[in-house]
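What the coordinates show
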Amino acid sequence: MNLGIEGRWALVCAASKGLGKGCARALVADGVNVVITARGQEALEVTAAELRAVNPSVTVKSVAGDITTEAGRAAALAACPQVDILVNNAGGPPPGDFRDWDRNAWLAALDANMLTPIELIKATVDAMAERGFGRIVNITSGAVKSPIDVLGLSNGARSGLTGFVAGLARKPDLAGRNVTINNMLPGLFDTDRLHASTQSTANAGGRDYQSVLDAKRGGIPAGRFGSADEFGALCAFVCSAHAGYLTGQNLLLDGGAYPGTF
Ligand code: NAP
């Protein structure tokens, strides 16, 4: 299927690895020029080179910086001639016990997983509406639907973003101008983050890594973890010319792990 977004520009945040990279790769394969960001320059440059090899006819720019800071966001936006597509992403907050989280821990989580996407939406959405095309995808988490107790910082910050987006996406001056805003909710995907969180669960419980990993996989009806490429493929469709009627939605990709009907 031709997605109808060839030649568009996308800003894909936190994209040197994992799900962000999967989204950037799918967009590049469909002819979208991208600006990718991450804090670590080395991995970012390797990914930029990989993306250029996927589709030599597009422009791939990389901007090293922390997207949760004002300076990081300004640099990313400055590198993108126009933002037709915005993929909001950043690292997730650490697990823990809510009794240990002070105000600063909460502010860091809110900055990364709620306020940063809101700032980037604010910076880009009006120009999208003026041009009559815009696609915004926020990578949140399956934890928005099925909260995980040790990930309280994530549950709280991402639910705040979800509530905000639910209202914003339905504004007629955006939805009526072909600007869509949707959230993608990953369940368990085979990325560095999954392996790091598996290791920390194993360490905390005095268990071995493989048994924790197998237990996680065992809870997924699909019998496997998701791949960044399949996450990216859905992201590219949501950003496509064909998806203009899809807005304000929370799209869960979890291999059937969520047990509810809705
Ligand atoms: P990942 O494999 O660890 O990749 C994270 C990427 O984000 C890296 O490129 C990292 O590069 C970049 N990054 C992190 N913090 C950043 C920052 N402040 N500014 C700029 N770039 C930043 O993680 P992932 O699995 O793709 O997860 C992506 C998001 O989905 C996270 O918020 C995670 O919590 C959420 N999620 C993932 C899963 C899963 O199963 N994988 C499930 C639910 C939710 P640098 O470190 O160099 O900056």
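In this text, all values refer to a predicted model and were calculated from it rather than measured experimentally.

Let us now look at the overall build of the protein. Across its full length, the protein holds nine helices and seven strands. Overall, the C-alpha framework of the protein stretches about 55 × 40 × 40 Å when taken along its three principal axes. Charge separation in the protein, taken as the distance between the mean sites of 23 positive and 24 negative side-chain charges, equals 3 Å.

With that settled, consider the side chain of Arg73. Secondary-structure assignment places Arg73 in helix α3 (residues 70-79). No salt bridge is formed by the buried Arg73, whose closest oppositely charged neighbour, Glu119, lies at an N-O distance of 5.2 Å. Reaching out from Arg73, the side chain makes a polar contact with the backbone oxygen of Thr68 at a distance of 3.2 Å. Of note is the side chain of Arg73, whose polar atom sits 3.0 Å from the side chain of Thr116. Beyond its immediate stretch of four places on either side in the chain, Arg73 contacts Asp66, Ile67, Thr68, Thr116, Glu119 and Leu120.

Domain boundaries assigned for the protein yield domain 1 (9-187 + 228-250) and domain 2 (190-225). Using C-alpha coordinates to define each centre, domain 1 is positioned 25 Å away from domain 2. Contact with domain 1, which involves eight residues of that partner, is made by six residues of domain 2. Taken together, both faces of the contact between domain 1 and domain 2 bury some 430 Å²; the carbon and sulfur share is 39%. The three residues of domain 1 that bury the most area against domain 2 are Lys17, Gly92 and Glu230, which together make up 52% of that side's buried surface. Taken together, domain 1 and domain 2 are joined by two salt bridges.

This part covers unusual backbone geometry. Not every positive phi belongs to a glycine, and Ala14 is a case in point at roughly 55°. Inspection of the secondary structure puts Ala14 in the loop between β1 (9-12) and α1 (18-29). Of note in the backbone geometry, Asn178 takes a positive phi value of approximately 65° without being a glycine. With respect to the element layout, Asn178 can be found in the loop between α6 (172-175) and β6 (179-186). Residue classification places Asn178 among the partly exposed positions, given a relative accessible area of 27%.

Every buried residue of helix α9 (residues 228-238) is accounted for by Ala228, Phe231, Gly232, Cys235, Ala236 and Val238. The buried residues of α9 occupy an angular sector of 155° when the element is viewed end-on, so they sit on one face. Contact partners of the buried residues in α9: α1, β4 (85-88), β5 (134-139), β6 and β7 (250-253).

As a further point, take the site of the ligand. Neighbouring residues of the ligand: 27 residues in total, closest Ser16, Leu19, Ala90, Phe189 and Thr191. A distance of 3.0 Å is found between an oxygen atom of the ligand and a backbone nitrogen or oxygen belonging to Lys17. Between the ligand and the protein, one listed contact pairs an oxygen atom with a backbone N or O atom of Arg39 at 2.8 Å. For the ligand, the accessible surface in isolation is 890 Å², of which the surrounding protein chains cover 89%. Secondary structure elements with two or more residues in the shell around the ligand: α1 and α7 (192-205). Of the residues contributing to the shell around the ligand, the split by class is nine nonpolar, 12 polar and six charged.

Here we come to the packing of aromatic side chains. Scanning the entire structure with this criterion turns up two aromatic pairs. Considering the side-chain rings of Trp101 and Trp106, the 5.9 Å spacing of their centres and the 90° angle between planes classify their relative orientation as edge-to-face. Here Trp101 falls in the buried class, since its relative accessible area comes to 14%. Look at Phe189 and Phe231: their rings are 5.3 Å apart centre to centre, the planes differ by 85°, and that puts the pair in the edge-to-face class. Of the two residues, Phe189 is situated in the loop between β6 and α7 and Phe231 in helix α9; the sequence distance between them amounts to 42 residues.

Quick look at the packing of α7 against helix α8 (residues 209-218) now. Where α7 meets α8, the axes come as close as 9 Å, and the angle between the chain directions of the two elements is 120°. For the element pair α7 / α8, the angle class is oblique. In the packing of α7 onto α8, the handedness of the crossing is right-handed. Along its contact with α7, which presents Leu194, His195, Ser197, Thr198, Gln199, Thr201 and Ala202, the element α8 presents Tyr209, Val212, Leu213 and Lys216. Its residues assigned to classes, the contact of α7 with α8 comprises five nonpolar, five polar and one charged.

Reading the values: rules and limits
- Residues numbered from 1 in each chain as written.
- Predicted model: local features only at pLDDT ≥ 70, side-chain atom pairs only at ≥ 80, totals over all residues.
- Heavy atoms only, no water.
- Helix = DSSP H or I, 4+ residues; strand = E, 2+ residues; numbered from the N terminus.
- Lys, Arg positive; Asp, Glu negative; His and termini not counted.
- Charge placed at Lys NZ, Arg CZ, Asp CG, Glu CD.
- Buried < 20%, exposed > 50% of the residue type's maximum accessible area, 1.4 Å probe, protein only.
- Salt bridge = Lys/Arg side-chain N within 4 Å of Asp/Glu carboxyl O.
- Polar contact = N/O pair within 3.5 Å; in protein donor to acceptor, adjacent residues only side chain to side chain.
- Contact = heavy atoms within 4.5 Å.
- Domains from an automatic or database assignment.
- Buried area = accessible area lost by both parts, 1.4 Å probe.
- Arc of directions from axis to C-beta.
- Near = heavy atom within 4 Å.
- Areas by Shrake-Rupley, 256 points an atom, 1.4 Å probe, with all protein chains shown as cover.
- Nonpolar A, V, L, I, M, F, W, Y, C, P; charged D, E, K, R; others polar.
- Phe/Tyr/Trp six-rings, centres within 6.5 Å; stacked < 30°, edge-to-face > 60°.
- Axes fitted to C-alpha atoms, helices over the stretch in contact; angles between N-to-C directions.
- Parallel < 35°, antiparallel > 145°, perpendicular 65-115°, else oblique.
- Left-handed = near helix turned anticlockwise from the far one by under 90°.

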